[in-house]
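Understanding the architecture of this molecule
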Amino acid sequence: MAPSTGGDRRVRLNRDRVLQAAVDLADEIGIDALSMRRLAQELDVVPMALYKHVQNKDELLDGMVETIIAEIDPPVLDADWKKAVRLRVLSARRALQRHPWARQAIESRTAKTPMVLDYMDSFIGMFLAGGFSSDLTHHVMHAIGGRMWGFTQELFDDAAAPPADAAVAPNAEEAAARMQYMAQRYPNIVTMATAASHDNGSVVGHGCDDEFEFEFALDLLLDGIERLHHRNWSSREAKNSRDSLAARPV
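Model, not experiment: these values are computed from the prediction. Each chain carries its own residue numbering, running from 1 in the direction its sequence is written. Predicted model: local features are reported for residues with pLDDT of at least 70 only, side-chain atom pairs are reported and counted for 80 or more only, and whole-chain, interface and lining totals are derived from all residues. Heavy atoms from the whole structure form the basis of all side-chain values; hydrogens and water molecules are not counted.

What about helix H5 (residues 81-98)?
Keep this limit in mind: Counting from the N terminus, the helices are DSSP H or I runs at least four residues long and the strands are E runs at least two residues long. To estimate how far a helix should extend, the number of its residues minus one is multiplied by 1.5 Å. The buried label goes to any residue with under 20% of its type's maximum accessible area, the exposed label to any with over 50%, and the partly exposed label to all in between, with areas taken from a 1.4 Å probe on protein chains only. In what follows, a contact means two residues having at least one pair of non-hydrogen atoms within 4.5 Å. Under the rule applied, a polar contact is a pair of N or O atoms within 3.5 Å (in protein, one hydrogen donor and one hydrogen acceptor; residues adjacent in sequence only if both atoms are side-chain atoms).
Between its first and last C-alpha, H5 extends 26 Å over 18 residues, near the 26 Å set by a 1.5 Å rise per residue. When H5 is considered as a whole, its buried residues turn out to be Trp81, Ala84, Val85, Arg88, Val89, Leu90, Ser91, Ala92, Arg93, Ala95 and Leu96. In this structure, the buried residues of H5 make contact with helix H4 (57-69), helix H6 (102-108), helix H7 (114-129) and helix H11 (210-230). Residue Asp80 occupies the N-cap position of H5, its side-chain oxygen lying 3.0 Å from the main-chain nitrogen of Lys82.

Okay, here's the thing in structure tokens:
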């Protein structure tokens, strides 16, 4: 950003403007390159001016995560629990897709800010409002894990890998030889990997359809949760059953 001239009127800084500028800058340069000094340059202020609104980079990242959470749709009030959860998870996923750095920021946060707690509280509330026991809801939240934020650990997760153009792509002959070796050495992996159509824009791995795989796993999980809910499942009964089986002689 070019420095202001003497005739320019600078826009007054506030916390929201600082955080939105940080989000926009991270979208452009990535979170690792983001610094208080670089953000100050973008806003055309001295770095010390930022410290009136955020104390340090950790607090800046906390606020950036809150800005992303604000983009997630609220629960749909007239929907059943299953539809409400599905819609909200997919809304969170769209927010993360708009900001590729957001997953790294969310996973790096150790402090739970009020907005993070508000989001978690409302997410839990969708299950309780659907008639779930607090016991089942507790275990459901463990099962859902990062999906509540719109991401999950994939089988082949390239999120932390270097950009694709960092490595030289093999030519057709090399690729065919590699596939032949893989088919001989790891036949089950090749059988699975070549069973479905692929999309070269994937981040799951080897061109898998990210959105289909995410929604498939989400629906599978929600279907299982629904069955437990209908059975009035409880952790006490499940643990008693497990302990009874373990006590049986082999």
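Notes on the packing of H5 against H11
Rules: Lines fitted to C-alpha atoms define the axes, with helix axes restricted to the stretch in contact, and inter-axis angles between N-to-C directions lie between 0 and 180 degrees. Reported orientations rely on four angle classes, namely roughly parallel under 35 degrees, roughly antiparallel over 145, roughly perpendicular from 65 to 115, and oblique for the rest. Handedness of each helix crossing follows the sense of rotation of the near helix against the far helix: counterclockwise by less than a right angle gives left-handed, clockwise gives right-handed. Each residue gets one of three labels, nonpolar for Ala, Val, Leu, Ile, Met, Phe, Trp, Tyr, Cys and Pro, charged for Asp, Glu, Lys and Arg, and polar for the others, Gly among them.
Following both chains from N to C, one finds H5 and H11 inclined at 155°, their axes separated by 11 Å at the closest point. Put simply, H5 runs roughly antiparallel to H11. You can see that H5 and H11 cross each other, and the crossing is right-handed. Between H5 and H11, the residues in contact are Trp81, Lys82, Val85, Arg86, Val89, Leu90, Arg93 and Gln97 and Asp210, Glu211, Phe214, Glu215, Leu218, Asp219, Leu222, Asp223, Ile225, Glu226 and His229, respectively. The residue makeup of the contact of H5 with H11, split by class, is 8 nonpolar, 2 polar and 9 charged.

A word on the confidence of the model for the chain
Test applied: Confidence scores labelled pLDDT are given residue by residue by the predictor and lie between 0 and 100.
Here the chain shows a mean pLDDT of 85. Residues at 70 or above account for 84%. Here residues 160-166 scores under 50 on pLDDT; set against residues more than four positions off or in separate chains, the count is 0 contacts. Taken together, the stretch residues 200-205 has pLDDT below 50 and engages in 15 contacts with residues farther than four places along the chain or on a different chain.

A closer look at the nonpolar core
Going by this rule: Nine residue types can take part in a nonpolar core, namely buried Ala, Val, Leu, Ile, Met, Phe, Trp, Tyr and Cys, and a core is a set of them joined through side-chain atoms within 4.5 Å.
Counting residues in hydrophobic clusters, the biggest one holds 55 residues, and the most contacted among them are Leu39, Leu50, Leu60, Met64, Trp101, Phe123 and Phe127. No other element matches H5, which puts 8 residues into this core. Those residues within four positions of Trp101 in sequence are excluded, and the remaining contacts are Val23, Ala26, Asp27, Ile31, Met64 and Ile68.

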